[in-house]
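# Examining the three-dimensional arrangement
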Amino acid sequence: MKKSLLIFLFGIFSSLTMYAQSTIVKGSVKDAVTSEPIPGVTITIEETQQTTTTDALGEFTFSSNLPLGEQVLRISKNGYTTKRYPIVVNEGRTVNITDMTLDIDVSDSVDLFTITLSDDELNDDTSAADNISGLLQSSQDIFQRTAAFEFSSSFFRVRGLDSENGSILLNGIEMNKVFDGRPQWSNWGGLNDVLRNQELTTGLTPSAYNFGGVLGTTNINLRASSYRKGARVTYSSSNRSYTNRLMASYASGLVKGGWAYTFMVGRRWGNEGFQDATLYDANSFFASIEKKINDKHSINFTSIYAPNRRGKSSPNTQEIYDLKGIKYNEYWGYLDGEKRNSRVKEVEEPILMLNHYWDISSKTSLNTNVAYQFGKLGNSRLDFSGGANPSPAYYQKLPSYFLADNDGPDYAGAYTAEQEFINDGQLDWNRIIDANLTNNINGDNAAYVLYEDRSDDKQITANTILSSELSQNILLNASVNYRKLKSENFGEIIDVLGSTVGALNVDAFDGYQFDAQNPDRSVGEGDKFRYNYNLHADIVSGYAQAQFKYNKVDFYVAGSLTSTQYQREGLWEHSRFAGDGSYGKGEKLSFTGFGAKGGFTYKITGKHLFDVNAGYITRAPSLRNTYSNSRENHNIVRGIEEEKVTSVDASYIFRSPIVKARLTGFYSKIEDANEVSFYYADGLSGFEIEDNETSAFVQEVLQGIDKRHIGAEFGIEAQVTPTIKLKGAASIGQYTYDNNPNLYLTSASFTSQDGSISYGEANLKDYKIAGGPQRAASIGFEYRDPDYWWFGATANFFSNAYLDINPLTRTENFYLDADGLPFNDYDEAIATELLKQEEFDDYMVVNLIGGKSWKIDDYYIGFFASVGNLFDKEYKTGGFEQGRNANYRELRDDSANPKRVFGPKYWYGRGTNYFVNVYFRF
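Residues numbered from 1 in each chain as written. Predicted model: local features only at pLDDT ≥ 70, side-chain atom pairs only at ≥ 80, totals over all residues. Heavy atoms only, no water.

### What to know about the confidence of the model for the protein
Quick reminder of the rule: Values of pLDDT, the confidence the predictor places in each residue, fall between 0 and 100. Numbered from the N terminus, helices here are DSSP runs of H or I no shorter than four residues, and strands are runs of E no shorter than two. By the convention used here, residues are in contact when the closest approach between their heavy atoms is within 4.5 Å.
Looking at the protein as a whole, its pLDDT mean stands at 90, while 93% of the residues score no less than 70. Confidence, read as mean pLDDT per element, is least for helix α1 (residues 2-13) in the protein (40) and greatest for strand β16 (residues 297-305) (98). Residue range residues 1-21 is modelled with pLDDT below 50. Its contacts to residues more than four positions away, or to other chains, number 30 contacts. Between residues 109-136, whose pLDDT stays under 50, and residues either more than four places distant or in other chains, the model counts 105 contacts.

### Overview of the sheet that holds strand β3 (residues 50-53)
For clarity, the threshold we go by: For two strands to count as paired, DSSP must find a minimum of two bridges between them. Note on geometry: axes are lines fitted to C-alpha atoms, helical ones only across the stretch in contact, with angles between N-to-C directions running from 0 to 180 degrees.
What the four strands build is an open sheet, ordered β3-β2-β5-β6; its pairing is antiparallel. Among the strands making up the open sheet, the edge pair consists of β3 and β6 (83-89). Within this sheet the neighbouring strands show an average axis-to-axis angle of 25°, counted without direction. Bridge count between strand β2 (residues 42-45) and β3: four bridges; the pairing is antiparallel.

### Thoughts on the pattern of salt bridges
For the record, the criterion: Criterion for a salt bridge: a side-chain nitrogen of Lys or Arg within 4 Å of a carboxyl oxygen of Asp or Glu.
Considering all chains together, one arrives at 47 salt bridges under this definition. Residue Lys-484 is joined to Asp-538 by a salt bridge in which the shortest nitrogen-to-oxygen separation is 3.3 Å. Note that Lys-484 is positioned in strand β26 (residues 474-495) and Asp-538 in strand β29 (residues 528-549), a separation of 54 residues in sequence. Here Lys-669 and Asp-738 are joined by a salt bridge, their closest N and O atoms 3.1 Å apart. In this pair, Lys-669 is assigned in strand β35 (residues 659-682) and Asp-738 in the loop between β37 (724-737) and β38 (742-746), connecting sequence segments 69 residues apart.

### Some words on the nonpolar core
For clarity, the cut-off: Residue types Ala, Val, Leu, Ile, Met, Phe, Trp, Tyr and Cys, when buried and joined through side-chain atoms within 4.5 Å, form a set referred to as a nonpolar core. Each residue is placed in one exposure class: buried if its accessible area under a 1.4 Å probe, protein chains only, is under 20% of its type's maximum, exposed if it is over 50%, and partly exposed if it falls in between.
The biggest cluster of nonpolar side chains holds 53 residues, and the ones touching the most others in it are Leu-684, Val-698, Leu-745, Phe-750 and Leu-808. Per-element tally for this core: the top contributor is β35, with five residues. Excluding its chain neighbours within four sequence positions, the residues that come into contact with Leu-808 are Tyr-679, Ala-681, Leu-684, Glu-700, Leu-743, Leu-745, Tyr-759, Asn-813, Phe-814 and Ala-886. By size, the runner-up hydrophobic cluster in this structure holds 21 residues, among which are Val-29, Ile-38, Ile-43 and Met-100.

### As for helix α4 (residues 142-151)
Residues that lie three or four places apart on an α-helix share one face, since the helix turns once every 3.6 residues. Basically, it comes down to this: Polar contact criterion, stated in full: a pair of N or O atoms within 3.5 Å, where within protein one must be able to donate a hydrogen and the other to accept it, and residues adjacent in sequence count only if both atoms are side-chain atoms.
With ten of ten residues buried, α4 lies mostly within the body of the structure. Taken together, the buried positions of α4 are occupied by Ile-142, Phe-143, Gln-144, Arg-145, Thr-146, Ala-147, Ala-148, Phe-149, Glu-150 and Phe-151. Taking the backbone nitrogen of Phe-143 as reference, a side-chain oxygen 3.0 Å away marks Asp-141 as the first, capping residue of α4.

### Some points on the packing of aromatic side chains
We count it as follows: Note on aromatic contacts: the rings of Phe and Tyr and the six-membered ring of Trp form a pair at centre separations within 6.5 Å, being stacked when their planes are under 30 degrees apart, edge-to-face when over 60 apart, and tilted otherwise. Geometrically, a lysine NZ or arginine CZ counts as sitting over a ring once it is within 6 Å of the ring centre and also within 35 degrees of the ring normal.
All chains considered together, the criterion is met by 38 aromatic pairs. On the numbers, 6.4 Å between centres and 85° between planes, the contact of Phe-814 with Tyr-826 is edge-to-face. Taken together, the residues span a long stretch of sequence, with Phe-814 in the loop between β41 (789-799) and α9 (828-834) and Tyr-826 in the loop between β41 and α9 at a distance of twelve residues. The class of Phe-814 is buried, set by a relative accessible area of 2%. Here Tyr-826 falls in the partly exposed class, since its relative accessible area comes to 33%. One aromatic cluster is present, built from ring pairs that chain together Phe-151, Phe-156, Phe-798, Tyr-843 and Tyr-875. A cation over an aromatic ring shows up here: Arg-232 above the ring of Tyr-919, its NZ or CZ 4.3 Å from the ring centre. Its guanidinium or amino end placed over the ring of Phe-490, Lys-528 lies 4.4 Å from that ring's centre, counting from NZ or CZ.

### Let's talk about helix α8 (residues 429-441)
Put simply, the rule reads: Here, expected helix span is obtained from the residue count minus one, scaled by 1.5 Å.
A rise of 1.5 Å per residue sets the reference length of α8, with its 13 residues, at 18 Å; its end C-alpha atoms lie 19 Å apart and thus fit the reference within 8%. Against β19 (332-335), β20 (338-341), β24 (376-383) and β25 (449-469) lie the buried residues of α8. Remark: Gly-443 follows α8 within two positions and exhibits a positive phi of approximately 80°.

### Quick notes on a negative patch on the surface
Here is the rule: To count toward a patch, a residue needs a relative accessible area over 30% and no salt bridge; like charges are then connected within 9 Å, while nonpolar side chains (Val, Leu, Ile, Met, Phe, Trp, Tyr) are connected within 5 Å. Each accessible area is a Shrake-Rupley result for a 1.4 Å probe, and residues are judged covered by the shown protein chains and nothing else. Neither His nor the chain ends is counted toward charge; the positive residues are Lys and Arg and the negative residues Asp and Glu. Positions of charges follow a simple convention, taking NZ of Lys, CZ of Arg, CG of Asp or CD of Glu.
Together, Asp-55, Glu-59, Asp-295 and Asp-359 make up a negatively charged patch on the protein surface. Within the fold, Asp-359 resides in strand β22 (residues 351-359).

### Topic: the environment of Ala-650
Within the fold, Ala-650 resides in strand β34 (residues 643-655). Residue class for Ala-650 comes out partly exposed when judged on its relative accessible area of 32%. Taking the C-alpha atoms as reference points, Ala-650 and Asn-239, separated by 411 residues in sequence, lie 41 Å from one another. Each residue touching Ala-650, except ones within four places of it in the same chain, is listed here: Phe-610, Asp-611, Val-612, Leu-663, Thr-664 and Gly-665.

### Focus: the sheet that holds strand β44 (residues 876-880)
The strand order across the open sheet formed by three strands is β18-β45-β44, and the pairing between neighbours is antiparallel. Each having just a single partner strand, β18 (316-317) and β44 make up the two edges of the open sheet. In this structure, β44 lies alongside strand β45 (residues 905-908), joined through four bridges in antiparallel fashion. Bridging from a neighbouring strand, Gly-878 pairs with Trp-907 of β45.

### A closer look at the pairing of strand β43 (residues 859-868)
Going residue by residue along β43, you find Tyr-860, Gly-862, Phe-864, Ser-866 and Gly-868 tucked away on one face and Tyr-859, Ile-861, Phe-863, Ala-865 and Val-867 left uncovered on the opposite face. Note: strand β42 (residues 843-856) against β43, nine bridges, orientation antiparallel. Across the sheet, the residue bridging to Trp-854 is Ile-861, located in β43. Adjacent in sequence and paired antiparallel, β42 and β43 are bridged by two residues, among which Asp-857 carries a positive phi angle near 55°. Taken together, the nine bridges between β43 and strand β46 (residues 913-921) define a ladder with antiparallel strand orientation. Note that in β46 the partner of Tyr-860 across the bridge is Arg-921.

### Re the pairing of β42
The pairing of β41 with β42 spans ten bridges and is antiparallel. Note on β42: the bridge partner recorded for Trp-790 is Gly-851.

### Here's the deal with a nonpolar patch on the surface
Taken together, Ile-293, Ile-299, Phe-301, Leu-352, Leu-354, Val-370, Tyr-372, Phe-374, Ile-460, Tyr-482 and Val-540 make up a surface patch of nonpolar side chains, about 870 Å² in accessible area. Mapped by element, the contributors of at least two residues to the nonpolar patch are β16, β22 and β23 (364-374). In terms of residue count, the dominant contributor to the nonpolar patch is β23 (three residues). Structurally, the position occupied by Val-540 is in strand β29. You can call Val-540 partly exposed: its relative accessible area is 42%.

Next up, the structure:
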């Protein structure tokens, strides 16, 4: 039936075909120096913008809807200089232009600059924009490249969307994490030289590998035969995330016996980046070996091992920034004369994959893949359940606390606190160790331990991807995918900090046993601590897509179906949620997602195109947002269901040899989303709080969220002279909450049966969604001299960035007293002002880039440097309202203080920073 439908659609549109089917343009592309075939070269017929890519033998073919007469073929690939070849197409004839050559682009600067940004920004976990640079780094579109180059350091989100809306694939295997839907870029960090072969689709446009999300798909091709033959050694220095980087790679090309192999090693290290004590220690290893069995079959094995550790930096209140500056980081202190960071993220998750490529015929191919990923992800932190909060930025140690004294401002205390914080203001590791030793002498457990929140995942992925040219006009893509995950989650003590007894595995705040079957247990280094459970996921999905290409119109339709199952398995029994409330296997959850999308490109002329895409997707919530507090119990988010995403965009595209431009309008709607957050709240109302307190450590569940994203993108570049290119890009968006979702809190401190309190609707409608600037623009130029030196500069403008609001203060809890009755002194005008969302100041950042390359016989040497934020502009990239002041009185009183005690916490962008790179290629 499917085949009949395709034949029917083909019949309808065949009237648009104006050229003879037997007209063919084919050829091949080789490296100008080595004469080796180059796979993955993009071949474009400029008049129609028809494109194809060369295969593993460097060959390509056009066989449908070819324009007659004099035409120009444009051949391009990252790392090579683009060339244009004139041809003449005659009806019913074959044009065979073999052995076209490409020269290595010795400047290679844009590629280096982009990947450097990805390497740097994508390792940050303070923002959901953690994969925008990577998604866009291979794009030929000027707006997408500008978003990767210039906007990413401000945590700009394309179309305001989180990173789970895009897919990252390695050799056709999806790498987005099941836990939160986001890719863990550090799994393959530091392997820049072998990540260059990327195929990118933006938005809903069709991908040959998967259905994708509304941010598109990036597939990174790691086949050994796809790499350019040769070796490369690179050294880099920077003050961004790491201080030094050293990389070396070698690719054999296809050698005798049908073998090809590529290897790479890399190391990045530094005691601190731009922020204080943000250590960086990363090693990277890559191997890809391919065996071409015959003309139809090839097998490739790839292994990636990229263990890395990096120190985190803290968000801070404005009071702290004013005292210590934007480089201040509260997480570290001196120990034995060295800076030691208490919060270190460590990732060690090797990837093994086996890929089989089968060219069934010249028109049909089947790619089957199996991958296994395992290892650990850990985030360390101090536990101080037996002692006072050791943070040097704890609110009771800052001047604002003394100025807010109930008996009037304590200026002497504020001054003392200010001077102590300015002169030191870091963790006192020696005092922490002394406290533990004192406790041991007194027969008590450790007051402080350093522990790690661990996720040890084991995931197997298998898929098969079909591509078939059913006719000269119709291309079919389809795939079937399976993923199985077992995620072991636990706390693990990594340092008892001088204690000889260890920590007590009991909730010091509420007295509950974390492991009720082993009560009052002392735990030491290497022991599990606080929580211990597994998460299981099974995901089966499939998609099919048909693309139709004609003289004036190209269009496509695609559909997908996904079955997702989750289950929590508690390995410890939490005494607050005794028995099967926390122990053993919980309920098995099932979700069914489907997607449908379609679009068309109308070719007004060869230079003017009109493009439209639209889609509707339902998808399972992430594991992270399915359980209200998986560390303690089996409880599932109330009324949970699949998220719904609707998206549409329309573009006008202009392309000529001199000017390329695109103007796009877009609209996306996300419905029935969930968000689970953790924080300590003061000023809670309700009778279900233990001991009638108004404070508790809570899990905030925001259920049934709708969001709206609407805006426009524009990009233009003009090659005004052979050496000078002008470029500009802009994005204007409005990203808002589109409803008032339900909010409830859960906590072990709540006495209700399931440990929750409902606060009804959170009045979020029309509040702005935080996450980078909603408006951004860039203007700049590039100069490339024929003697292989180049220089570029851009000025980038950002505005309409907002603070992330606390939903709890937008519920009935805000105006209710502890007894559940409204405050008798509630002033609506004051409340409106208190709940007004903060908008960050507009700012401009200027970036410079330049370098020089040399070709000496068959060797290439290059130097490259960039300076970010040339004028040292200070700007906020994000932040959030603290949850401590959860009601009207507390927020009003805190806001009236000389300095806010619980003011918002912010992240700032880097000041002036640099990156320097030297490479030798042979």
